[in-house]
Amino acid sequence: MTTIRLTAAQAMVRYLSAQMTEDGERFMAGCWGIFGHGNVAGLGEALYQAQEELPTFRGHNEQTMAHSAIAFAKQSGRQRAMMVTSSIGPGATNMVTAAALAHVNRLPVLLVPGDVFANRAPDPVLQQVEDFEDGTVSANDCFRPVSRYFDRITRPEQLLTALPRAMATMTDPAQCGPVTLAFCQDVQAEAHDYPTSFFEPRVWYRRRIRPDHHELHRVVEKIRAAKRPVIVAGGGVHYADACGDLQGFAEAHNIPVVETQAGKSALAWDHPLNLGPVGVTGATSANAICAEADLVLGVGTRFQDFTTGSWTVFKNPAATLVSLNVNAYDAVKHGALPLLSDAKTGLTELALELTSYRAEDVPAELKQDWFAAVDPLTDAPADGNELPTDQQVIGAVQRASGPDTVVMCAAGTMPGELHKLWKAPRPGAYHMEYGFSCMGYEIAGAMGIKMAQPGRDVVCMLGDGSYMMANSELATAVAMGIKITLVVTDNRGFGCINRLQMGTGGAEFNNLFDHSSVAQSNIDFAAHAASMGAAAVHVQTIAELEEALKRAADATGPFVVVIDTDPYPSTPHGGHWWDVAVPEVSTREEVTEARKGYEAQLKERI
């Protein structure tokens, strides 16, 4: 057997550089890294030697670096991924939030935090946590519950099994998610004679899981018996590259489609069978069609309660719930009839069996009435004396967008408003991290999207709260020349949660600056962005916003537009009840009344 002597860190980098996609690209597109004493000497040296094959990108925060990597994977349809490395202590634990985000959203990312010395000679090393009852514990054990695959590399030869397992996890359509390889820092520098065959290029093909014959026929029988079926399109439609298949299936059988946050843009907004977004942030048209459906076919959705309203939207007690999903865990949620399959092959084989089946026509006025109600909300105000609303900001961005625009967001007010109001013209035009709804994902995520698809026009919409949570990667975007547009809506606090607080009977408290121990905010976000090198402007009106967005096209790097907005208005139409527990006992009459309404909704759900 021919061998080559490498350090464990060099072996990891060489192996990852040789993993290919079926399109001929390297699966691992690069490595984000902040070096510290747990990874600088081992992985740092190895990455330096391999910059052509595995480029290294330097960020400012381990969490946001990982967010960029995750957004890259999402926008790449899970066909490519990135690695993120950190030092052993706070650098590692900074990435735990990102690991949870990737885990919830089923997205591939390789996290390689440095770890303590395997030989334990210098214990306790700087930044090492010590468990008084378990000598094997390190800070990296925090990653275990939020990793699809976790391993601690304590011997160089363990990479021979750990790395293929990591790749298998990240490329598996059902088990896809974050991988954590905690890499002991002394082991990174240790040498081993590795077989040269281990580093030969390997192609990882997209696995297409075909439906079981018996499951398929049970589902076909149910669909044939249905008169008013509806399809709930989830993120799995995008990851299976099945958007065209979904459209063809819906058209062939006249079945309306509603979209989750992850599934939005699977079908063009103006397609006659697209009834719009579903769930708590859904359209009246979509939620109404689901309430009347006698069969609900979920395609690639995990039926999260908020984004599908799965406990409350599907009201028809006689309705059949079918879940076409690549993951068995998701396929049986809510007692659904499972169809374990890739979205593309599942829809294809269903179509072959259904032949001439067609559902009843959907009333055209459902969709017409929805847009008649919400379109005026996005119009520019007649006068510029009042603070703009978030809906009006969305309208301005929509009017400035084109077919190559990707609008993205993650938390706060904008996800709900964008789900309801944004008109996505084609697949990939809407990127929302709403599985974990992680504040701080936005700016870093926009970078990852642009790195995945350089030809797209990426517009990041975020509030002042998210901007303050994590803005440091704006400096990274400037340094790397990554052209993205940020629209920062400053409502002087956490407006979304303030409205939720009020909606559940609570007094306005600790959300807006006016109702907290913090003095009124006078942050100049445009000046702050400019101080990091971005082109930035603060506008007062929707008209000024539209003018600024025109100038964004000429920017060579990040372009930031800040606009003050009213924290109170939200789209009053559509939506569905959200189970947010209200206190049973309170001295405040508003809370007591809210509790009565809450209990009534609980009875209705049952």
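Residues numbered from 1 in each chain as written. Predicted model: local features only at pLDDT ≥ 70, side-chain atom pairs only at ≥ 80, totals over all residues. Heavy atoms only, no water.

(A) Structural view of the overall build of the protein chain. Scanning the protein chain from N- to C-terminus turns up 24 helices and 22 strands. Taken along the three principal axes of its C-alpha coordinates, the protein chain extends 70 × 65 × 55 Å. Residues classed as buried in the protein chain amount to 57% of the 606 residues present. Total accessible area on the protein chain stands at roughly 24,300 Å², and carbon and sulfur atoms take up 52% of it. (Helix = DSSP H or I, 4+ residues; strand = E, 2+ residues; numbered from the N terminus. Buried < 20%, exposed > 50% of the residue type's maximum accessible area, 1.4 Å probe, protein only. Areas by Shrake-Rupley, 256 points an atom, 1.4 Å probe, with all protein chains shown as cover.)

(B) Summary view of the pattern of salt bridges. Overall, the coordinates contain 19 salt bridges when judged by the stated rule. Residue Glu 157 pairs with Arg 155 through a salt bridge whose shortest N-O separation is 3.1 Å. The salt bridge partner of Asp 245 is Lys 344, with a shortest N-O separation of 2.7 Å. Of the two residues, Asp 245 is situated in helix 10 (residues 243-253) and Lys 344 in helix 14 (residues 343-354); the sequence distance between them amounts to 99 residues. (Salt bridge = Lys/Arg side-chain N within 4 Å of Asp/Glu carboxyl O.)

(C) Region of interest: the sheet that holds strand 14 (residues 295-299). Taken in spatial order, the 6 strands make up an open sheet running 13-12-11-14-15-16, and their pairing is parallel. Two strands bound the open sheet, and with one partner strand each, they are strand 13 (274-277) and strand 16 (337-340). Strand-to-strand, the axes of this sheet are offset by a mean angle of 20 degrees, without reference to chain direction. Direction of pairing for strand 15 (residues 320-325) relative to strand 16: parallel, over a ladder of 4 bridges. Pairing of Ser 323 across the sheet is with Pro 338, part of strand 16. Its contacts with the sheet place helix 14 against strand 14, strand 15 and strand 16, and it is angled at close to 130 degrees to strand 15. (Pairing = 2+ DSSP bridges. Axes fitted to C-alpha atoms, helices over the stretch in contact; angles between N-to-C directions. Contact = heavy atoms within 4.5 Å.)

(D) Representation of the packing of helix 3 (residues 62-75) against helix 5 (residues 96-105) in the model. Running from N to C, helix 3 and helix 5 cross one another at 25 degrees; their axes reach a closest spacing of 8 Å. Comparing the axis directions of helix 3 and helix 5 gives the class roughly parallel. Read as a crossing pair, helix 3 and helix 5 show a hand that is right-handed. On the side of helix 3, the interface is formed by Gln 63, Ala 66, His 67 and Ile 70, while helix 5 contributes Thr 97, Ala 98, Leu 101 and Ala 102. Taken together, the residues of the contact of helix 3 with helix 5 sort by class into 5 nonpolar, 3 polar and no charged. (Parallel < 35°, antiparallel > 145°, perpendicular 65-115°, else oblique. Left-handed = near helix turned anticlockwise from the far one by under 90°. Nonpolar A, V, L, I, M, F, W, Y, C, P; charged D, E, K, R; others polar.)

(E) A look at the side chain of Ser 466. With respect to the helices, strands and loops of the structure, Ser 466 is situated in helix 19 (residues 464-469). In this structure Ser 466 comes out as buried when scored by relative accessible area, which is 4%. With sequence-adjacent residues up to four places away left out, Ser 466 is seen in contact with Ala 411, Met 439, Gly 440 and Glu 442.

(F) Quick look at unusual backbone geometry. Of note, the amide linkage connecting Asp 123 to Pro 124 takes the cis form, showing an omega dihedral of -10 degrees. Positionally, Pro 124 belongs in the loop between strand 6 (109-115) and strand 7 (149-153). The backbone phi angle of Arg 78 is positive, close to 65 degrees, even though this residue is not glycine. By the element assignment, Arg 78 lies in the loop between helix 3 and strand 5 (81-86). A residue is classified by how much of its surface remains accessible, and Arg 78, at 13% relative accessible area, is buried.

(G) How the structure looks around the sheet that holds strand 5. The strand order across the open sheet formed by 6 strands is 4-3-5-6-8-7, and the pairing between neighbours is parallel. The sheet is open, and its two edges are formed by strand 4 (56-57) and strand 7, each paired on a single side. Alignment of strand 3 (residues 28-33) against strand 5, held across 4 bridges, turns out to be parallel. Its bridge partner being in strand 5, Trp 32 is matched across the sheet by Val 84.

(H) Just helix 6 (residues 159-171), in detail. With 13 residues, helix 6 extends 18 Å from end C-alpha to end C-alpha; this agrees with the ideal 18 Å at 1.5 Å per step. Residues of helix 6 that are buried: Leu 159, Ala 162, Leu 163, Ala 166, Met 167, Thr 169, Met 170 and Thr 171. (Expected span 1.5 Å × (residues − 1).)

(I) Here's a closer look at the side chain of Gln 185. One can find Gln 185 in helix 7 (residues 185-189). When its relative accessible area of 13% is taken as the criterion, Gln 185 is described as buried.

(J) Main features of the state of the cysteines. Counted under the stated rule, the structure contains 0 disulfides. In this model Cys 31 remains outside any disulfide bridge; the closest cysteine sulfur is found in Cys 184, 18 Å from its own. For Cys 31, a relative accessible area of 0% translates into the label buried. Looking at Cys 184, it has no disulfide partner, and the nearest cysteine sulfur is the one in Cys 142, 15 Å off. (Disulfide = S-S within 2.5 Å.)

(K) Main features of the pairing of strand 17 (residues 405-409). Along strand 17, 5 of the 5 residues are buried, which leaves the element largely enclosed by surrounding structure. What you see with strand 17 is no split at all: Thr 405, Val 407 and Cys 409 on one side and Val 406 and Met 408 on the other are buried throughout. The sheet contact formed by strand 17 and strand 18 (residues 430-432) spans 3 bridges and is parallel. Looking across to strand 18, one finds that Val 407 is bridged to Tyr 430.

(L) Fine view of the nonpolar core. Core analysis: the largest hydrophobic core is formed by 55 residues, its most contacted members being Trp 32, Val 84, Tyr 467 and Leu 474. By size, the runner-up hydrophobic cluster in this structure holds 48 residues, among which are Phe 303, Leu 418, Val 487 and Ile 563. (Core = buried A, V, L, I, M, F, W, Y, C linked by side-chain atoms within 4.5 Å.)

(M) Fine view of helix 21 (residues 495-503). Taken together, the buried positions of helix 21 are occupied by Gly 495, Asn 498, Arg 499 and Gln 501. Seen from one end, helix 21 has its buried residues packed into an arc of 155 degrees, which puts them on one side. Contact partners of the buried residues in helix 21: helix 17 (413-421). (Arc of directions from axis to C-beta.)

(N) Geometry of a nonpolar patch on the surface. Nonpolar side chains collect at one region of the surface, where Met 469, Phe 494 and Ile 497 lie side by side and expose about 280 Å² of accessible area between them. Mapped onto the elements, Phe 494 comes out in the loop between strand 20 (485-490) and helix 21. Given a relative accessible area of 37%, Phe 494 falls into the partly exposed group. (Patch = residues over 30% accessible without salt bridge, like charges linked within 9 Å, V, L, I, M, F, W, Y side chains within 5 Å.)

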